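Structural features, examined
Single-letter residue listing:
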Amino acid sequence: MFIDKVRIQVKGGDGGAGCMSFRREAHVPKGGPDGGDGGHGGNVVVEADAGLSSLIEYRFKHHFKAQRGTHGKGSRMHGATGEDLVLKVPVGTVVREYFEEEKEAGELIADLTRDGERVVVAEGGMGGRGNIHFVTSMRRAPAFAELGEPAQERWIELEMKLMADAALVGMPSAGKSSLIAKMSAARPKIADYPFTTLVPNLGVARSGDYGFVVADVPGLIEGAHEGRGLGHEFLRHIERTALIVHVVDLTGDWEGRDPLADYEVINRELALYADELARRPRIVVANKIDVPGTEEACERLAERVRADSVAAAGGDEFAPSPVDPRLYRVSALTGEGVDGLKAAIARKVRDLREEARQAAEADARYEHVWELRREARDKRFEVRPLGGGAFCVEGPQVERMVVQTDWENEEAVLFLQHRLKRLGVDQALERAGARDGDEIRILGRAFAFESGRSAADAFEELDL
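Residues numbered from 1 in each chain as written. Predicted model: local features only at pLDDT ≥ 70, side-chain atom pairs only at ≥ 80, totals over all residues. Heavy atoms only, no water.

**Quick look at the side chain of D262**
- Position of D262 among the secondary structure elements: in helix α3 (residues 259-273).
- By relative accessible area, D262 is classed as buried at 7%.
- The residues touching D262, leaving out its near neighbours within four places in the chain, are M171, H246 and R257. (Helix = DSSP H or I, 4+ residues; strand = E, 2+ residues; numbered from the N terminus. Buried < 20%, exposed > 50% of the residue type's maximum accessible area, 1.4 Å probe, protein only. Contact = heavy atoms within 4.5 Å.)

Right, here's the structure in full:
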């Protein structure tokens with residue numbers, strides 16, 4: 001079964017807790033702290049695999065979690081790091097944030113276009129530090145350690161787009177499946193009724209010493225850019241192709257359609273779906289030349305293609321651009337003209353891929369925009385007055401600090417207050433109008449606000 005879009009929930013492994021421990025050995029009356037760190041949780045990684053052709057592995061299972069880190073122990077024994085969870089997807093998969101409540105896709109995370117390319121979609125939590133990290137000249141025996149950091153958890157959308165060099169597009173029953181069968185070893189379902197092809201088919205064709213991958217995209221209809229039929233489901237598979245091969249049925253099929261009208265409908269649908277598709281290089285193929293009485297329609301189409309090519313070269317924004325001025329006349333039934341068409345596609349694809357390679361080398365930088373934005377969002381926090389002398393502080397990093405704190409340990413709570421102050425939470429609370437004794441709430445925890453020098457300031461002199 002062909003599955004090309006799924007939404008899944010991913011969660012990294014939680015970090016292990018640090019250990020609060022002291023040396024207890026014979027003849028060592030004042031053994032120091034020796035609590036080990038907790039292990040880091042594993043990440044959830046999405047990796048492109050050329051051996052996969054669909055996202056069917058994620059059709060029924062939608063929740064994935066990496067291994068958590070183990071807790072630290074005494075004698076400076078650190079916890080083990082959790083193993084990463086690697087989710088394999090086909091090459092050509094686009095990974096986006098997904099908001100389950102709103103049912104909307106968010107920012108682009110990664111576009112995995114090469115075999116083995118990978119991206120971390122949910123980071124594991126950091127392991128908590130053991131009490132050996134909190135020793136200073138002023139505090140020789142810290143009696144607290146950090147709990148493990150909770151892992152990131154989110155929904156993501158995986159969308160597969162075919163990685164083909166050329167895509168055959170056209171109206172239903174234009175003969176695209178028969179043509180790909182003649183050009184390659186692909187064996188798609190072929191019948192004499194519309195919408196025989198319900199999923200894209202891929203075939204590897206060869207002309208001389210050069211091979212290319214061609215995709216047979218299911219037939220489009222007028223209104224496909226708005227989702228009519230399965231327009232959106234099919235049009236996205238054309239986005240990656242270097243070349244569009246527009247197949248026109250000279251017979252007009254059983255409906256007796258005008259081939260020129262079909263040609264215009266497909267051009268318009270591609271342009272309305274995405275401006276980039278309107279500028280994608282294309283060649284036009286007149287199919288079914290073996291049928292008697294198609295000569296006149298073929299000449300009219302050839303004249304129109306030449307006119308569009310001239311208009312595109314002259315900068316006409318309404319013309320498909322750029323268009324090969326030659327109309328390729330073939331019969332997918334008899335094979336007439338197919339070898340010449342394959343040679344033309346191979347030459348064009350080779351030139352386009354070389355241009356793309358040179359452009360990629362000229363701009364080899366890859367900026368992890370999504371990751372930088374995620375980190376910026378992570379550090380932000382918000383202070384909300386609740387009325388009655390109560391304030392709520394919300395933010396990913398602040399909330400993780402609270403989760404990492406052992407609230408049964410007074411020293412650990414003081415250390416949290418120190419960390420919040422260094423993050424700027426105290427200043428933000430004062431700007432929001434907080435006064436001494438007001439209640440501060442974070443993730444259901446509440447404590448009194450103390451401005452100026454508080455008990456937490458004792459940590460200012462510590463090297464933490």
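After that view of the structure, there is still more to cover.
**Some points on the sheet that holds strand β16 (residues 390-394)**
- Pairing in this open sheet of 4 strands is mixed, and the strands run β15-β16-β17-β18 from one edge to the other. Only two strands of the sheet have a single neighbouring strand rather than two, namely β15 (382-385) and β18 (445-448). The mean angle between the axes of side-by-side strands here comes to 25 degrees, regardless of whether they run parallel or antiparallel.
- As defined by bridge partners, β15 adjoins β16 across 4 bridges and the pair is classed as antiparallel. Considered in β16, the bridge of P385 is made with F391.
- Along the sheet, helix α8 (residues 396-403) contacts β16, β17 (439-442) and β18; its crossing angle with β17, the most-contacted strand, is approximately 95 degrees. (Pairing = 2+ DSSP bridges. Axes fitted to C-alpha atoms, helices over the stretch in contact; angles between N-to-C directions.)

**Considerations on the pattern of salt bridges**
- Taken as a whole and assessed by the stated rule, the structure comprises 20 salt bridges.
- Its salt-bridge partner being E146, residue R129 comes within 3.1 Å of it at the nearest N-O pair. Here R129, found in the loop between β7 (118-122) and β8 (153-160), pairs with E146, found in the loop between β7 and β8; they are 17 residues apart in sequence, far enough to count as distant.
- For E146, a relative accessible area of 7% translates into the label buried.
- A salt bridge links D258 to R300, with the shortest nitrogen-to-oxygen separation between them at 3.3 Å. In this pair, D258 sits in the loop between β12 (243-249) and α3 while R300 sits in helix α5 (residues 295-313), placing the two residues 42 residues apart along the sequence.
- Taking relative accessible area as the criterion, R300 reaches 30% and is therefore assigned partly exposed. (Salt bridge = Lys/Arg side-chain N within 4 Å of Asp/Glu carboxyl O.)

**A short note on the confidence of the model for the chain**
- Averaged over every residue, the pLDDT of the chain is 81; residues scoring 70 or more account for 83%.
- Here helix α2 (residues 231-235) stands out as the least confident element of the chain, with mean pLDDT 52; strand β3 (residues 63-65) is the most confident, with 96.
- For the stretch residues 223-232, pLDDT sits under 50, and the model shows 17 contacts to residues farther than four places along the chain or on other chains.
- Between residues 455-464, whose pLDDT stays under 50, and residues either more than four places distant or in other chains, the model counts 26 contacts. (pLDDT = per-residue confidence, 0-100.)

**Some details on the sheet that holds strand β9 (residues 166-169)**
- Across the sheet, which stays open at both edges, the 6 strands sit in the order β10-β11-β9-β12-β13-β14 with mixed pairing between neighbours. The open sheet has two edge strands with one neighbour each: β10 (201-207) and β14 (323-329). Sheet twist, expressed as the average angle between the axes of neighbouring strands with direction ignored, equals 25 degrees.
- Looking at chain direction, β9 and strand β11 (residues 210-216) are connected through 3 bridges and run parallel. Bridge pairing links L168 to D216 in β11.
- In this fold helix α1 (residues 176-183) packs onto β9, β10, β11, β12 and β13 (282-287), with an angle of close to 160 degrees to the strand it touches most, β11.
- With respect to the sheet, α3 is in contact with β9, β12 and β13, its orientation differing from that of β12 by roughly 150 degrees.

**Some details on the packing of α8 against helix α9 (residues 410-423)**
- The geometry of α8 relative to α9 is characterised by a closest axis approach of 10 Å and an angle of 170 degrees between their N-to-C directions. Considering the angle they form, α8 stands roughly antiparallel to α9. The segment α8 lies against α9, with Q397, V398, M401 and V402 engaging L416, R419, L420 and L423.
- Tallied by class, residues from the contact of α8 with α9 come to 6 nonpolar, 1 polar and 1 charged. (Parallel < 35°, antiparallel > 145°, perpendicular 65-115°, else oblique. Nonpolar A, V, L, I, M, F, W, Y, C, P; charged D, E, K, R; others polar.)

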